[in-house]
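One letter stands for each residue in the lines below.
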Amino acid sequence: MNRQPTRSTEDSDRPNGTKPAFSRLGIIIKPEGGPALAEVYRNLVAIAESKGVDWALEDTAENPDSDIDAKRFSRDRLDRDLIVVIGGDGTMLNAARSLCQHEDVAILGVNLGRLGFLADVSPNDLDRHLSAILDGRYSEERRFLLQGSLMRNDTRIMESVALNDVTFKMRDPARMVEFEMSIDGTLVNQQRSDGVVVCTPTGSTAYALSAGGPLIAPDLHAVGIVSICPHTLSYRPIVVDARHLIEIRPVEGSRGGGVVSFDGQLNQPLKCGDVLAISKFEHDIRLIHPAGHDHYSLLRDKLCWSEQAF
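Residues numbered from 1 in each chain as written. Predicted model: local features only at pLDDT ≥ 70, side-chain atom pairs only at ≥ 80, totals over all residues. Heavy atoms only, no water.

Some thoughts on the confidence of the model for the protein
At step 1: Here the protein averages 91 in pLDDT, and 92% of its residues register 70 or above.
At step 2: Throughout residues 1-6 the model reports pLDDT below 50, and contacts reaching past four residues in sequence, or to other chains, amount to 16 contacts. (pLDDT = per-residue confidence, 0-100. Contact = heavy atoms within 4.5 Å.)

Right under this line is the structure:
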């Protein structure tokens, strides 16, 4: 099992004058973030410089504040040990997919989006939390990704990774798609539905949750399989070990092949006879949270579990 438990460093204090826990900080930003992003960016830079941390802005990003002379870094030639992502969960997903080959690089999200399951640091708390993280007080966990390969005859049409989910669904939203699904070569079912979501524990709070899937604890080495609006209501969500190989095949008679989507951001059409193979990716990502991070407190907050009247 290639999983690591959440690790907390909140009880350790960095002595005065010693090096910060992270010395090479990279900044990835949401495109067109507006004044709110510029304010967070300026605050982040000020914190990094006050701690003596070498910081750089991603080379493809527009500088949110032209008065700040920004050094640049590239995701392709990564020389950073901490990446701070300013944006929403979508920006975090994009960053995670491109950085997943670098397991030693930590990723921290500052939330300028809506829910913020992944980007869980509020801009109002950035000064306090980032200063503590650079001093070595933080919680850390590993999250695994899924890898999807689309085969047509003996040719690999595409291959990508997803932190949240790999989704197969009909291109035409007014029609259902018919497909068969197998796990490690064993047929599970043949179904008609709007599609299926194959999600990681990270993605169990996203599309899969909207489709009626279960919440999966982030420390479980498991994958959720959730049908989207199945024609037969007996199709229920399935949770399987992440070591299994899941294969999806659009069948003849289905009115079109459908489309595969990685984290809702990368999309590729399928034809009848194609095979979509989904498995656990070989590398994890390293997520950094403020000290005392509590997954269930996050769920209570984001899903409004504490708003019931008693």
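Examining the nonpolar core
At step 1: In terms of nonpolar packing, the biggest core is built from 30 residues, with I27, Y41 and W55 touching the most fellow members.
At step 2: Elements represented by at least two residues in this core include exactly strand 2 (24-29), helix 1 (34-50), strand 3 (54-58), strand 5 (82-87), strand 6 (106-111) and helix 3 (126-134).
At step 3: When residues of this core are assigned to their parent elements, the largest contribution, seven residues, is made by helix 1.
At step 4: Sequence-distant contacts of I27, defined by excluding residues within four places in its chain, comprise Y41, L44, V45, W55, A56, L57, E58, F73, V84 and I86.
At step 5: Ranked by size, the runner-up nonpolar core spans 25 residues in total, among them A162, M170, V177 and I278. (Core = buried A, V, L, I, M, F, W, Y, C linked by side-chain atoms within 4.5 Å. Buried < 20%, exposed > 50% of the residue type's maximum accessible area, 1.4 Å probe, protein only. Helix = DSSP H or I, 4+ residues; strand = E, 2+ residues; numbered from the N terminus.)

Describing the pairing of strand 2
At step 1: Most of strand 2 is tucked away: five of the six residues are buried.
At step 2: Handedness of the β-α-β unit built from strand 2, helix 1 and strand 3 comes out right-handed.
At step 3: Direction of pairing for strand 2 relative to strand 5: parallel, over a ladder of five bridges. Looking at strand 5, one finds that I27 is bridged to V84. (Right-handed = clockwise from strand over helix to strand, strands pointing away. Pairing = 2+ DSSP bridges.)

So, the packing of helix 1 against helix 3
At step 1: It is the contact of helix 1 with helix 3, at a shortest axis distance of 10 Å, that shows an interaxial angle of 35 degrees. Read as a crossing pair, helix 1 and helix 3 show a hand that is right-handed. The residues of helix 3 that touch helix 1, namely those facing V40, N43, L44 and I47, are L126, D127, L130, S131 and L134. (Axes fitted to C-alpha atoms, helices over the stretch in contact; angles between N-to-C directions. Left-handed = near helix turned anticlockwise from the far one by under 90°.)

Description of the pattern of salt bridges
At step 1: Scanning the entire structure with this criterion turns up 15 salt bridges.
At step 2: R128 is paired through a salt bridge with D125; the nearest N and O atoms lie 3.3 Å apart.
At step 3: Relative accessible area serves as the criterion here: at 27%, D125 is assigned to the partly exposed category.
At step 4: We note a salt bridge from R156 to E159, for which the minimum N-O separation is 3.5 Å.
At step 5: For E159, a relative accessible area of 43% corresponds to the partly exposed category.
At step 6: Salt bridges linked by common partners bring D54, K71, D79 and R80 together as one network. (Salt bridge = Lys/Arg side-chain N within 4 Å of Asp/Glu carboxyl O.)

What about the pairing of strand 8 (residues 155-162)?
At step 1: Bridge analysis of strand 7 (residues 138-152) against strand 8 gives seven bridges, and the strand direction is antiparallel. By the bridge assignment for strand 8, L150 is matched with M158.
At step 2: Here strand 7 folds back onto strand 8, and the loop between the two strands holds two residues, one of which, N153, carries a positive phi near 60 degrees.

Some words on helix 5 (residues 295-302)
At step 1: Where helix 5 is concerned, the buried positions are H295, L298 and L299. For helix 5, the buried positions fall inside an angular range of 100 degrees around the axis, keeping them on one side.
At step 2: Taking the backbone nitrogen of Y296 as reference, a side-chain oxygen 3.0 Å away marks D294 as the first, capping residue of helix 5.
At step 3: Just downstream of helix 5 lies C304, where phi reads positive at about 55 degrees. (Arc of directions from axis to C-beta. Polar contact = N/O pair within 3.5 Å; in protein donor to acceptor, adjacent residues only side chain to side chain.)

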